[in-house]
Amino acid sequence: MYLPPHDPHVDDPMRFKPLFRIHLMERKCATVECMYGHKGPHNGHIQIVKKDEFSTKCNQTDHHRMSGGRQEEFRTWLREEWGRTLEDIFHEHMQELILMKFIYTSQYDNCLTYRRIYLPPSSPEDLIQPGLFKGTYGSHGLEIVMLSFHGKKAKGTKITGDPNIPAGQQTVEIDLAHPLQLPDIETLRDFSELSRMVLEVQEQVRREEQEREQRQEEQEHSQQAASQPASPLGGEGAEGEETAAGAEGTTQDKAPASQPFVLPTGVISRNEDYPRTCRVCFYGTGLIAGHGFTSPERTPGVFVLFDDDRFGFIWLELKSFSLYSRIKVSFQNAQAPSQEAFDEMLKNIQFLAP
């Protein structure tokens, strides 16, 4: 099991916890041992379900239990997974979320299914190297997000989830065609000013999407009427997109190497040790939902690129800030064979979410 560091220390290294091991014997035989729990290795089973997927099953789940019952198990899990005791957590909402996570994860400790994930392909045009990042998610603690680039969009996909947003969902989307020019530090401290800027861009994006949809409809009607492969209006739309892309490149080229950055007053951050300079900011949206992934909606926010290995996201509606730090571990045989294979994997893990 590959675990993030203790909240909120995103720059600390990942932690490893063995879950099972295989002893290869002579004559192509093997024994499987489950490593879960605190009573040592015990009998387990592995089944290959299909390509790029297998399952493990514990045959002696009594080894996972503790003499002090569920209360002792919860306190031990809290100490190991979160690096703190229940008495350290005063916020009742946070206690509730942590208890939910413990109940959810512990009920599946006897049977786990593993599926392959690919690391995102990279290209010279990418803002930074794509990959896996540790991120702060308020009372949910640290979670793992995969950052990938798709033309004028960048996506942050949850590899680990929580009771609100499950793994596989797109937690943030960055609109690389809409950079944000931050005001001076004193103005930036005013949350209402930042909110005004972001909502203006949100309205601009909404208008552009409506115009694009309208052009597509007009183009389809024109093609049907004239039976021609393309209409002049469609050509103008394509030219407009090229102009926007060119403007985007110009904006990024002229952006300073770094600019001062501070969180607006009232924006909550689990980690106050965030960088005080950034390279560039973009308009983006973040996914929020109630417990059990109820009433999900995309809300406006600000993507802040600090350096090659760290970025942040200001959740406007939540008045919250997430800080992300790159996972600097080399994974063998994890590169996607093609962009198509990676995109297919992203679709599959999203469909697997409840």
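Residues numbered from 1 in each chain as written. Predicted model: local features only at pLDDT ≥ 70, side-chain atom pairs only at ≥ 80, totals over all residues. Heavy atoms only, no water.

Student: How do you make sense of the overall build of the protein when you look at a structure like this?
Tutor: Helices and strands together make up the secondary structure of the protein, namely six helices and 18 strands. Along the longest, intermediate and shortest principal axes, the C-alpha atoms of the protein span 70 × 55 × 35 Å. Sorting the 354 residues of the protein into buried and exposed places 41% on the buried side. Excluding contacts between residues fewer than 6 apart, the proportion of contacts in the protein whose partners are at least 24 apart in sequence is 54%. Each charge class in the protein can be summarised by its mean position, and for the 38 positive and 52 negative side chains these summaries are 8 Å apart. (Helix = DSSP H or I, 4+ residues; strand = E, 2+ residues; numbered from the N terminus. Buried < 20%, exposed > 50% of the residue type's maximum accessible area, 1.4 Å probe, protein only. Contact = heavy atoms within 4.5 Å. Lys, Arg positive; Asp, Glu negative; His and termini not counted. Charge placed at Lys NZ, Arg CZ, Asp CG, Glu CD.)

Student: It is not clear to me how empty space enclosed by the protein should be interpreted in this structure. Could you clarify?
Tutor: To find leftover empty space, one rolls a probe the size of a water molecule over the atoms. Across all of its chains, the model carries two cavities of 30 Å³ or more by this definition. Taken together, the elements giving at least two residues each to the lining of the largest cavity come down to β4 (30-34), β5 (42-50), β6 (53-58) and β7 (111-115). Size it by volume and the second largest cavity reaches roughly 30 Å³. A per-element tally of the lining of the second largest cavity places strand β18 (residues 320-326) first, with three residues. Its residues placed into classes, the lining of the second largest cavity shows three nonpolar, five polar and one charged. (1 Å grid on protein atoms, 1.4 Å probe; cavity = no way out; pocket = protein on both sides within 12 Å on 5 of 7 lines; lining within 4 Å. Points joined across faces, edges and corners; volume = space filled by probe spheres on them. Nonpolar A, V, L, I, M, F, W, Y, C, P; charged D, E, K, R; others polar.)

Interpretation note: all reported values are geometric properties and have no functional meaning in isolation.
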